[in-house]
Amino acid sequence: MGRAADKKLRRRREAARTQRRANRNEQATAADAADTAAATLAALKTARPADRKAAEATAAEWLGTVAAHRETALAAAGFIHSYSRMTDGVRRTDGHELFPRLAARHREFLALVTTTPQPLCEHLNASPQPVAVACVMCPTAGITCLDCLRDHGSTAHEPADEYRCDQCGQPDMRGLHTVRPDPVTGVPVQRTGDDHSRLYPGAVLLSGFGICTRCKTAAGKARARGTVAPQRKGTT
């Protein structure tokens, strides 16, 4: 077999590995969503009638935002689908055993977003959309729609922050492995001109976390050695 054929074979094998990894990431995303839905339904069965009515009202409002923004809902679904396939196996929920500093930073940011009313971008101020994004590198910027996220890009961050690993804290200018932004619900928001904060009727993605190759490799070796407990599906 010649060199050209060897290179072609290696490319095919690498493409096959990448596809298998993408399939696992997508399946994990679907499994997490199903586990979350099942846990929510189980909790509602034993909840007080007032809590069940409140959950039904919130669900109706979410469905209303999806119906009013069908194109955005499709774009959001496509965004999550693509993101789950490109995260190279790095999951936020790995952090408890493998990435403790990442997990701590995620908990801190989650607590901020779910307890402090967040300002909205101009599009979300005008009308809610099914999915919004909160950037961990811009904790005071509030939440934005997907269009504003595309405009946000890397220009809003200093390179040292854009390429900083959330585990070791060191910048890696070669690029980071993206951590999948699991959706969060029940985020309080403050619309312009509104005296009271209200829960956002949609999901909010906590985005902007990253892991450098060195930390990802070290975590993989630790998992292979069995020095960490295997992750249980559905943990947070």
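Conventions and cut-offs
Residues numbered from 1 in each chain as written. Predicted model: local features only at pLDDT ≥ 70, side-chain atom pairs only at ≥ 80, totals over all residues. Heavy atoms only, no water. pLDDT = per-residue confidence, 0-100. Helix = DSSP H or I, 4+ residues; strand = E, 2+ residues; numbered from the N terminus. Buried < 20%, exposed > 50% of the residue type's maximum accessible area, 1.4 Å probe, protein only. Pairing = 2+ DSSP bridges. Core = buried A, V, L, I, M, F, W, Y, C linked by side-chain atoms within 4.5 Å. Contact = heavy atoms within 4.5 Å. Salt bridge = Lys/Arg side-chain N within 4 Å of Asp/Glu carboxyl O. Expected span 1.5 Å × (residues − 1). Patch = residues over 30% accessible without salt bridge, like charges linked within 9 Å, V, L, I, M, F, W, Y side chains within 5 Å. Areas by Shrake-Rupley, 256 points an atom, 1.4 Å probe, with all protein chains shown as cover. Lys, Arg positive; Asp, Glu negative; His and termini not counted. Charge placed at Lys NZ, Arg CZ, Asp CG, Glu CD. Polar contact = N/O pair within 3.5 Å; in protein donor to acceptor, adjacent residues only side chain to side chain. Disulfide = S-S within 2.5 Å. Axes fitted to C-alpha atoms, helices over the stretch in contact; angles between N-to-C directions.

What follows is about the confidence of the model for the chain. Taken residue by residue, the chain gives an average pLDDT of 80. The fraction at 70 or more is 88%. Of all helices and strands in the chain, the one with the weakest mean pLDDT is helix α3 (residues 70–86) (75), whereas strand β1 (residues 118–119) scores best (93).

With five of five residues buried, strand β2 (residues 131–135) is to be regarded as a mostly interior element. Every second residue of β2 is oriented toward a common face, with V131, V133 and C135 on one face and A132 and A134 on the other, all of them buried. Here β2 pairs with strand β8 (residues 203–207) via five bridges, running parallel. When the sheet's bridge partners are listed, C135 is paired in β8 with S207. In this sheet, strand β3 (residues 143–144) lies alongside β2 in antiparallel orientation, the contact comprising two bridges. Bridging from a neighbouring strand, V133 pairs with T144 of β3.

Let us look at the nonpolar core. In this structure, L124, I143, Y200, V204 and L206 are the most contacted members of the largest nonpolar core, which totals 27 residues. Looking at this core, the elements that each hand over two or more residues are α4 (100–115), β2, β8 and α8 (213–225). Of all the elements, α4 adds the most residues to this core, at three residues. Every residue in contact with I143, bar those within four places of it in the chain, is listed here: Q118, P119, L120, C121, L124, A132, V133, A134, V189, Y200 and V204.

Applying the stated criterion to the full structure yields six salt bridges. Across the salt bridge formed by D172 and R174, the nearest N and O atoms sit 2.9 Å from each other. Residue D172 is classed as buried on the basis of its relative accessible area of 8%.

A few words on the sheet that holds strand β6 (residues 188–190). Strands in a sheet are paired, the pairing made by backbone hydrogen bonds, and the direction either parallel or antiparallel. Spatial strand order, β1-β6-β7: three strands in an open sheet with mixed pairing. One side of each edge strand has no neighbouring strand; the edge strands of this open sheet are β1 and β7 (198–199). Both β6 and β7 contribute to a ladder of two bridges, which runs antiparallel. When the bridges of β7 are listed, P188 appears paired with L199.

A few words now on helix α1 (residues 3–45). The terminal C-alpha atoms of α1 lie 63 Å apart, and with 43 residues this matches the ideal 63 Å at 1.5 Å per residue to within 8%. Here α1 has its buried residues at A22, N25, A28, T29 and D32.

Once that is clear, we can look at a positive patch on the surface. On the surface, a cluster of positive charge is contributed by R3, K7, K8, R10, R11 and R12. Taking relative accessible area as the criterion, R12 reaches 57% and is therefore assigned exposed.

The next point concerns α8. With 13 residues, α8 should reach 18 Å at 1.5 Å per residue; the first-to-last C-alpha distance of 18 Å fits that figure. Tucked inside the fold, the buried residues of α8 contact β9 (210–211).

Along the chain, the position of D172 falls in the loop between α7 (159–162) and β4 (177–178). Residues D172 and R214, 42 residues apart in the sequence, show an inter-C-alpha distance of 9.4 Å. Contact partners of D172, with chain neighbours within four places excluded, come to Y163, C212 and T213. Polar side-chain contacts of D172 include one of 2.9 Å to the side chain of R174.

As enumerated under the stated definition, the model contains zero disulfides in all. The thiol sulfur of C138 is not disulfide-bonded, and the nearest other cysteine sulfur, from C135, lies at 4.1 Å. Of the cysteine sulfurs around C165, a residue in no disulfide, the closest is that of C212, at 3.7 Å. C165 sits in the buried class, given a relative accessible area of 2%.

So, about the sheet that holds strand β5 (residues 183–184). An order of β3-β2-β8-β5 is seen for the four strands of this open sheet, with the pairing classed as mixed. Every interior strand has two partners, whereas the edge strands, β3 and β5, have only one. Sitting on the sheet, α4 touches β2, β5 and β8, and the angle it makes with β8 is about 145°.

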